[in-house]
Amino acid sequence: MNAKILSLFSCIIIFSILLKLYEDFEVFVVVHLNQLLFNELLFRYITEIGNAVFLIAIVVPVLSLLSYSSNHFKYVPLRIFLIPGIFLGIFVQLIKEVLNFPRPATNERLLSDESIIFLEPIFFQGAYPSGHTASIFFVFYVFYRFGKKISDYYSNAVFLLLFVLASVVAVSRIILGAHWLSDVIGAAGISMLFVELLKHKTIQKFLGENTYINIFSILLVGLAFYALFFLEAFDYL
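A short tour of the structure in this document, coming up. Everything numeric here is computed off the predicted structure, so don't read it as measured data.

On a plain count of helices and strands, the protein chain comes out with 11 helices and zero strands. What you see in the protein chain, going N to C, is helices and strands ordered as α-α-α-α-α-α-α-α-α-α-α. Since a compact globule built from 237 residues should have a radius of gyration of about 18 Å, the 18 Å found for the protein chain is in line with a globular shape. Counting only C-alpha atoms and orienting by the principal axes, one finds that the protein chain spans roughly 55 × 45 × 40 Å. When the 237 residues of the protein chain are sorted by exposure, 47% land in the buried category. Across the protein chain, contacts joining residues at least 24 apart in sequence account for 82% of those joining residues at least 6 apart. A total of about 12500 Å² of accessible surface is found on the protein chain, and carbon and sulfur atoms cover 69% of it. Each charge class in the protein chain can be summarised by its mean position, and for the 15 positive and 16 negative side chains these summaries are 18 Å apart.

This part is about the pattern of salt bridges. Between side chains of opposite charge, a pair can form as their charged atoms come close. Overall, the coordinates contain five salt bridges when judged by the stated rule. When the shortest N-O distance is used, the salt bridge between Arg109 and Glu23 registers 2.9 Å. Placement of Arg109 in helix α6 (residues 108-112) and of Glu23 in helix α2 (residues 23-37) is noted, with a sequence separation of 86 residues between them. Residue classification places Glu23 among the partly exposed residues on the basis of a relative accessible area of 41%. When salt bridges that share partners are traced, they join Glu23, Asp24 and Arg109 into one network.

This brings us to helix α7 (residues 131-147). Count 3.6 residues to each turn of an α-helix, and residues three or four apart come out pointing the same way. The terminal C-alpha atoms of α7, which comprises 17 residues, lie 23 Å apart, in line with the 24 Å expected from a rise of 1.5 Å per residue. Most of α7 is tucked away, with 13 of its 17 residues classed as buried.

For the bond from Glu120 to Pro121, the omega torsion is 5°, close enough to zero to count as cis. Within the element layout of this structure, Pro121 appears in the loop between α6 and α7. With omega at -5°, the peptide bond leading from Tyr128 into Pro129 counts as cis. Relative to the elements of secondary structure, Pro129 occurs in the loop between α6 and α7. A positive phi angle is found at Asn100, which is not glycine, with a value near 50°. Take Asn100: it is sitting in the loop between α5 (78-99) and α6.

Right, let's talk about the packing of aromatic side chains for a bit. Applying the stated criterion to the full structure yields 17 aromatic pairs. Both rings, one in Phe140 and one in Tyr141, keep their centres 6.2 Å apart while their planes meet at 50°; by these two values the pair is tilted. Each member of the aromatic cluster is reached from another via a ring pair, and the members are Phe9, Phe73, Phe137, Phe140, Tyr141, Phe143, Tyr144, Tyr154, Phe159 and Phe163.

Between its first and last C-alpha atoms α5 spans 31 Å; for 22 residues at 1.5 Å apiece the expected length is 32 Å, and the two agree. Along its length, α5 reaches its greatest deviation from straightness, about 30°, at Gly85. Among all positions in α5, only Leu78, Arg79, Ile80, Phe81, Leu82, Ile83, Pro84, Leu88, Val92, Ile95 and Lys96 are buried. In this structure, the buried residues of α5 make contact with α4 (52-69), α7, α9 (181-197), α10 (201-206) and α11 (211-230).

Relative to the assigned elements, Arg44 resides in helix α3 (residues 40-46). In sequence terms Arg44 and Tyr22 are 22 residues apart; their C-alpha atoms lie 28 Å from each other. A polar contact is formed between the side chain of Arg44 and the side chain of Glu40, at a distance of 2.3 Å. At 2.4 Å, the side chain of Arg44 forms a polar contact with the backbone oxygen of Tyr236.

Cut-offs applied
Residues numbered from 1 in each chain as written. Predicted model: local features only at pLDDT ≥ 70, side-chain atom pairs only at ≥ 80, totals over all residues. Heavy atoms only, no water. Helix = DSSP H or I, 4+ residues; strand = E, 2+ residues; numbered from the N terminus. Rg over C-alpha atoms; globule rule 2.2 N^0.38 Å. Buried < 20%, exposed > 50% of the residue type's maximum accessible area, 1.4 Å probe, protein only. Contact = heavy atoms within 4.5 Å. Areas by Shrake-Rupley, 256 points an atom, 1.4 Å probe, with all protein chains shown as cover. Lys, Arg positive; Asp, Glu negative; His and termini not counted. Charge placed at Lys NZ, Arg CZ, Asp CG, Glu CD. Salt bridge = Lys/Arg side-chain N within 4 Å of Asp/Glu carboxyl O. Expected span 1.5 Å × (residues − 1). Phe/Tyr/Trp six-rings, centres within 6.5 Å; stacked < 30°, edge-to-face > 60°. Bend = angle between axes of the 7 residues up to and from the residue. Polar contact = N/O pair within 3.5 Å; in protein donor to acceptor, adjacent residues only side chain to side chain.

Here it is as structure tokens:
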């Protein structure tokens, strides 16, 4: 683990919490992003890229396969994404339940502004941190930290593309009126800090080669794939 990186992500999380104190600025960001960029058809799909079920069923297997088949990356097995991801998901949900911060749809100034469009279904509580943002930043950063092998044009382009995609998903949460800026910043900080903690020797040992964990990971991908097509896995589709 890198102490400087841990400190950086910790500062990002603290900053996101302090940002909650500046409601006027938070409202300003939501208003302007919503008015300038809201497109229901486009962002309805973009925001769901951060859906945990979609990530587990599609994105994680693709990245794991890419790392296995390409000489540009170290192999990142499914278990490295999925087992810690389960714990992160539980942790994020606990924070949501404990803090229970209100979402933009509860703000009177936003509700009274007829130019603001909230994408349905509308959520009112559990704003911090953004689950979609936490999920996609976790997947991106796991692939970067565990898959980075050499610094070349191809690998750097892939990592940059994933970072841009994660950032677009995060911003989409604000555009659609589902989260505040502080929610997505905090989610990104929490996810990346969580990934850095995975570098600890004890955790690395736990995540080492294990047949049962590998089988569980494959079954989890299969279950997510089933949910993606046969259950109501998405919030907005």
